[in-house]
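An overview of the molecular structure
Residues per chain, in single letters:
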Amino acid sequence: MPDPATIFAAPAWRRRLRVAQGLDPADLVVAGGEIVDVFGGDTFRADVAIADGVIAGVGSYPQARERLDVSGNWVCPSFIDAHVHTE
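Residues numbered from 1 in each chain as written. Predicted model: local features only at pLDDT ≥ 70, side-chain atom pairs only at ≥ 80, totals over all residues. Heavy atoms only, no water.

In this section: the overall build of the protein. The number of helices and strands found in the protein is two helices and five strands. Order of helices (α) and strands (β) in the protein, N terminus to C terminus: α-β-β-β-β-β-α. Looking at the protein as a whole, 30% of its 87 residues are labelled buried. Sequence-distant contacts, at least 24 apart, represent 56% of the contacts inside the protein between residues at least 6 apart. Total accessible area on the protein stands at roughly 5900 Å², and carbon and sulfur atoms take up 58% of it. (Helix = DSSP H or I, 4+ residues; strand = E, 2+ residues; numbered from the N terminus. Buried < 20%, exposed > 50% of the residue type's maximum accessible area, 1.4 Å probe, protein only. Contact = heavy atoms within 4.5 Å. Areas by Shrake-Rupley, 256 points an atom, 1.4 Å probe, with all protein chains shown as cover.)

A few words on the pattern of salt bridges. Counted under the stated rule, the structure contains seven salt bridges. Notably, a salt bridge pairs D52 with R15, separated by 3.0 Å at the nearest N-O pair. Here D52 is found in the loop between strand 2 (42–51) and strand 3 (54–59), whereas its partner R15 is found in helix 1 (residues 10–20), with 37 residues between them in sequence. D24 is the partner of R18 in a salt bridge, and the nearest nitrogen-oxygen pair spans 3.2 Å. Owing to a relative accessible area of 37%, R18 belongs among the partly exposed residues under this scheme. For D24, a relative accessible area of 23% gives the class partly exposed. Salt bridges linked by common partners bring R15, R16, D27, D52 and R65 together as one network. (Salt bridge = Lys/Arg side-chain N within 4 Å of Asp/Glu carboxyl O.)

Another point: the pairing of strand 3. Relative to strand 3, strand 2 is paired through five bridges, and the arrangement is antiparallel. Across the sheet, I50 pairs through a bridge with I55, a residue of strand 3. The turn joining strand 2 and strand 3, which pair antiparallel and follow one another in sequence, is formed by two residues; a positive phi near 60° is taken by D52. (Pairing = 2+ DSSP bridges.)

Geometry only, nothing functional implied.
Here is the structure:
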């Protein structure tokens, strides 16, 4: 059975987009970690919003059904979900 996170479904995509924009709460926010930017070669503090088992965004996400405080730890979302558009 295919993983539902890897199948395109317009309603799920729209929800993830709304989570990424901060309009809907994420299922989980990995909060306050030091993000490792493997493309820019730097680190910065931010949250990682997860919706439907997929990373929806990296930034500030105060709304979440569940929060996991990872302050003081490094988070490398590019190793988890490597498909990005840098343009």
